[in-house]
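Fold and contact review
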Number of protein chains: 2
Amino acid sequence: MMRTLDAYLDHIGACNRWSPADYVPFRIDHQRYGAIRRDRLDRLAVEDDLLTVTPDWVALIAKPDRLARSAALADLVQRLVASGDLPKVRRELYPVVRRWGQEPVALLDRGAADYFGIRAYGVHLNVISEGEMWIARRARDKAVAPSKLDNLVAGGQPYGLSPMENLIKECAEEASMPSALSEQAKPTGAILYRMASDKGLRDHILFTFDLTVPADFRPVSGDGEHEAFYRWPLDYVDDLLRVEDVFKFNIPLVIVDYFRRVGRISSDAPGYEDLALALAGGWRGKFDD
Amino acid sequence: MMRTLDAYLDHIGACNRWSPADYVPFRIDHQRYGAIRRDRLDRLAVEDDLLTVTPDWVALIAKPDRLARSAALADLVQRLVASGDLPKVRRELYPVVRRWGQEPVALLDRGAADYFGIRAYGVHLNVISEGEMWIARRARDKAVAPSKLDNLVAGGQPYGLSPMENLIKECAEEASMPSALSEQAKPTGAILYRMASDKGLRDHILFTFDLTVPADFRPVSGDGEHEAFYRWPLDYVDDLLRVEDVFKFNIPLVIVDYFRRVGRISSDAPGYEDLALALAGGWRGKFDD
């Protein structure tokens, strides 16, 4: 009997739950770089030395260069933390870009990315050994998704590193993997999802990579992000995808994308078309009313 | 030196050149199933026994069932051919669906798919042997893209077959491949493109498959669609992608998607994000103004 794709589609659906009507564009220099929740317009209208707030969009007041824009955003973030509208800053800078690799118009603290709905980037690695997949369990003290299952290696994409450089860094930190091994990882594409979060809007691109490691490879956590590591048959990982809530919410997308690419998902299963397009954000477009 | 992705992006761009403002939705039973060129509204308004034509949409007048809807569309196609608005019919039926695998609301001749802008489907196979790719040259008498390079096996997806069944059929017809081999093909996803064509709008989904064949495999054309076959190193195929117009227009998308999935495209190359999302139609969405 053919397995249905419902569980896969549910994971993708959960990561793409947001209502465009609840947001307005956040603009810098007349281009959209983010999305801000409509119910925050009144709060933000107060900051009229930094922002222009209208019912249809919010714009950063024009500044001469990246440094000035970054400073204005940093001021704004500080005020939002002070007023309790943002929980805290992360002290890690994300570039504000429309596409990865462009010169950023500004830098913004990672902790404020969702509040402004800017596009944020990450790297995620599928680690395979003898046809089995390495999976990690997140530490119980993580702020996001404590104790949930995770890719062996994954991380936010900061300003100043290329995706491959970042992946090699994360492989060392999260799995004590030597660069001679991690630099053999193969880039396999990107996953897009947009999701209403308690902070605002997560507009995320996950750059995906595959790596085959030797049979005797054993990951060791270098940074305490993960408290256990497992090597499981793909069928067992697939079973876990059908159990609710054992993975950090976005990890199933990376694994389903891997399953799709390597031919584990039947083209004849109902929902295959949606599944194949949805991972890249292509399930909706002009005319898809 | 890193190779740029410009040639890949140009191929994808060429297959996604259309202006939504030039089209209106084509509706059946209050849902959109296609897109019709605005400049054809006057011509179609004449057919008021079959169509409701407004400045903002065209709808098939309500019919009780699939058979009646198919007959109405067949009448319409016949009149369009008689008046010279459509060149000819293909005598092959495509299902009118919003997603592959749904019960079609109607069947429509393949030759009229672009005129009504319905979503049409195809299967495309990457055939690999000893790390090299099999490529075919289309016969010089083909109506579409004569003498251009092509996937070894590709074909339109008719009503009544699953994608995998269709692929096996096409493998036999186009390469005389035994089903014991072709049924080992692995489904790897779907590519979406929308392109203004001289007939109307091509709204296509290509279901992609990979197959590794033995070193001694030699394709033989069963149906005369191809007049030559080549087995080329991936680097040479990649070089050909950078030469204008040697492939049938949509074939580079299938090959670039293969290159992406197997890790041949650097994640650090400018344009990687667009490339990865564009193949699934995800390069545009809400807020991407």
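Before reading further, recall that the structure is shown in the block above.
Before going into details, it helps to say that this report is about the structure given with it. Only a predicted model underlies this, so the values are computations on that prediction, with no experimental measurement involved. (Residues numbered from 1 in each chain as written. Chains lettered and ligands numbered in written order. Predicted model: local features only at pLDDT ≥ 70, side-chain atom pairs only at ≥ 80, totals over all residues. Heavy atoms only, no water.)

Attention now moves to the relation of the copies chain B and chain A. The transformation that overlays chain B on chain A combines an axial shift of 0.0 Å with a rotation of 180°, and the residual RMSD is 0.0 Å. Overall, the copies show the geometry of a two-fold rotation axis. Identified as the residue of chain B closest to the rotation axis by C-alpha distance is B:Gly282, at 1.8 Å. When you check the interface residues of chain B against chain A, 100% turn up at the interface there too, and the contact is symmetric in its surfaces. (Least-squares fit on C-alpha atoms with pLDDT ≥ 70 in both. Contact = heavy atoms within 4.5 Å.)

This part covers the pairing of strand 12 (residues 201-212) of chain B. Residues and elements named next belong to chain B. Within strand 12, eleven of the twelve residues are buried, which leaves it mostly tucked inside the rest of the structure. One ladder, built from ten bridges, connects strand 11 (residues 186-196) with strand 12; its direction is antiparallel. Looking at the pairing, Gly189 lines up with Thr208 of strand 12. Hairpin connection of strand 11 to strand 12: four residues between the antiparallel strands, including Gly200 at a positive phi of 160°. (Buried < 20%, exposed > 50% of the residue type's maximum accessible area, 1.4 Å probe, protein only. Helix = DSSP H or I, 4+ residues; strand = E, 2+ residues; numbered from the N terminus. Pairing = 2+ DSSP bridges.)

One pass over the structure, following the stated rule, counts 22 aromatic pairs over all chains. Judged by centre distance (4.6 Å) and plane angle (5°), the rings of A:Tyr230 and A:Trp232 are stacked. In this structure an aromatic cluster arises from ring pairing among A:Trp100, A:Tyr121, A:Phe207 and B:Tyr272. Above the plane of the ring of A:Tyr8 lies A:Arg242, whose end atom (NZ or CZ) is 4.8 Å from the centre. Lying across the ring of B:Phe259, B:Arg264 places its NZ or CZ 4.7 Å from the centre. (Phe/Tyr/Trp six-rings, centres within 6.5 Å; stacked < 30°, edge-to-face > 60°. Lys NZ or Arg CZ within 6 Å of the ring centre and 35° of its normal.)

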